[in-house]
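Structural overview for review
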Amino acid sequence: MSTTKAFHRLLIVIVVLSLTLVFAGCSKKHKSSRGAASTGGGTGSGTGTGTGTGSGTGPNGTGDPGGAKSLDLTWAVQETASQADLEYMADKIKFYNEGLWEGTEGQAYLKDQTLVNGSSDGNVIVRVIKGPISNPPAACKTSGGGFQITLCSGQLPRQGFLHELGHGWVGPFYSEEYNCLNASEGVCVMAMMVGLSGEGYSKWCDPTTCVESQQCWNLMQSTHGWAHPGPGGAAPACNVTIQ
Ligand SMILES: [Zn+2]
Ligand SMILES: [Zn+2]
């Protein structure tokens, strides 16, 4: 077994152990401040090092967003992180954006993101960028149409973020679908966060693929008016401003 596989197996075990704790009680006072005023650029990160820091998350998208819905989120890093780690996180957010685009079949994406160092006030809280996958790995609290996602680590696989965004916005789904997977491949990101397909899984189930009961695309279509299958195509750019 490769170390990558072993790592994924370990994550699966951790996630399974934590599933009962992850989404308990979805009430919270924090009001989402979605759309946190994009700053028009120019803050902070002009060090000349660029964002290609070797984190392996790939280049930013160049696709046409067309009529897709955009989400502008503030990502608060609770620790005081190094510039290198902030750039890793910026790349990770771009990777999450590709997953949201794929999962919604080209109908939603992360547009202007603000990554704030040493803060606990955001739509997405990242406890420690290079932190371990702890228990619980992530959570989503919703109230009054807003949501706040907490990630234990910026190393959380893409489907972990998509699962939480499913609860907060994509469905939004207020119940779990942990058993919506099969033996050879994942079916739905609302199933195990770290599914059998490893890093990068991005699909939500529909009536033809669901092996549990939620049939996620039914709700996604009625909430957002999306087509299924949607237009697809290459993911549009996700802009991350580090503060
Ligand atoms: Zn599903
Ligand atoms: Zn399902």
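Our structure's up above, just so we're on the same page.
How each quantity is defined
- Residues numbered from 1 in each chain as written.
- Chains lettered and ligands numbered in written order.
- Predicted model: local features only at pLDDT ≥ 70, side-chain atom pairs only at ≥ 80, totals over all residues.
- Helix = DSSP H or I, 4+ residues; strand = E, 2+ residues; numbered from the N terminus.
- Buried ≥ 20, exposed ≤ 12 C-beta atoms within 10 Å, placed from the backbone.
- Pairing = 2+ DSSP bridges.
- Axes fitted to C-alpha atoms, helices over the stretch in contact; angles between N-to-C directions.
- Arc of directions from axis to C-beta.
- Core = buried A, V, L, I, M, F, W, Y, C linked by C-beta atoms within 7 Å.
- Contact = placed C-beta atoms within 7 Å.
- Expected span 1.5 Å × (residues − 1).
- Bend = angle between axes of the 7 residues up to and from the residue.
- Parallel < 35°, antiparallel > 145°, perpendicular 65-115°, else oblique.
- Left-handed = near helix turned anticlockwise from the far one by under 90°.
- Nonpolar A, V, L, I, M, F, W, Y, C, P; charged D, E, K, R; others polar.

Some words on the overall build of the protein chain
- Looking only at helices and strands, one finds four helices and eight strands in the protein chain.
- Listed by position from the N terminus, the elements making up the protein chain come as α-β-β-α-β-β-β-β-β-α-α-β.
- Looking at the protein chain as a whole, 45% of its 243 residues qualify as buried.

Quick word on the environment of Gly146
- The residue Gly146 is located in strand β7 (residues 146-153) in this model.
- With 16 C-beta atoms counted inside 10 Å, the residue Gly146 sits in the partly exposed group.

A short note on the sheet that holds β7
- Strand order in the open sheet formed by six strands is β6-β7-β5-β2-β4-β8, with mixed pairing between adjacent strands. Each edge of the open sheet carries a strand with a single partner, namely β6 (138-143) and β8 (239-242). Within the sheet, the average angular offset between the axes of one strand and its neighbour, ignoring direction, is 20 degrees.
- Two strands pair when backbone bridges link them, and strand β4 (residues 112-117) and β8 are joined in this way by four bridges, in the parallel orientation. The partner of Thr114 across the bridge, within β8, is Thr241.

Considering helix α4 (residues 216-224)
- For α4, every residue scored as buried is listed here: Cys216, Trp217 and Met220. When α4 is viewed along its axis, its buried side chains cluster within an angular range of 90 degrees and face the same direction.
- Gly225 occupies a position one or two residues after α4 and carries a positive phi of about 70 degrees.

Brief notes about the nonpolar core
- With 58 residues, the main nonpolar core has Met89, Ile93, Leu115, Leu151 and Cys188 as its most contacted residues.
- When residues of this core are assigned to their parent elements, the largest contribution, nine residues, is made by helix α2 (residues 83-103).
- Every residue in contact with Cys188, bar those within four places of it in the chain, is listed here: Glu177, Cys180, Lys203, Trp204, Cys205, Cys210 and Cys216.

Quick word on helix α3 (residues 158-170)
- Helix length check: α3, at 13 residues, gives a terminal C-alpha distance of 15 Å against a target of 18 Å (1.5 Å per residue), a shortfall beyond 12%.
- Of all bends in α3, the biggest is about 30 degrees, found at Glu164.

Some points on the packing of α2 against α3
- At a minimum axis separation of 9 Å, α2 and α3 run at an interaxial angle of 60 degrees. Of the possible angle classes, the one that applies to α2 and α3 is oblique. Judged by the sense of rotation from one axis to the other, the crossing of α2 with α3 is right-handed. Contact residues: Phe95, Tyr96, Gly99, Leu100 and Gly103 in α2; Arg158, Phe161, Leu162 and Leu165 in α3.
- Class assignment of the residues belonging to the contact of α2 with α3 gives a composition of six nonpolar, two polar and one charged.

A look at unusual backbone geometry
- For the peptide bond that leads from Asn135 to Pro136, omega is 0 degrees, which places it in the cis range.
- Position of Pro136 relative to the elements: it lies in the loop between β5 (124-128) and β6.
- Here the bond from Gly171 into Pro172 is cis, since omega is -15 degrees, no more than 30 degrees from zero.
- Following the sequence through the fold, Pro172 ends up in the loop between α3 and α4.
- Although it is not a glycine, Glu105 adopts a positive phi angle of roughly 55 degrees.
- Inspection of the secondary structure assignment puts Glu105 in the loop between α2 and β3 (108-110).
- At Gln215, a residue that is not glycine, the phi angle is positive and equals roughly 50 degrees.
- Along the polypeptide, Gln215 turns up in the loop between α3 and α4.
- With 18 C-beta atoms packed within 10 Å, Gln215 lands in the partly exposed category.

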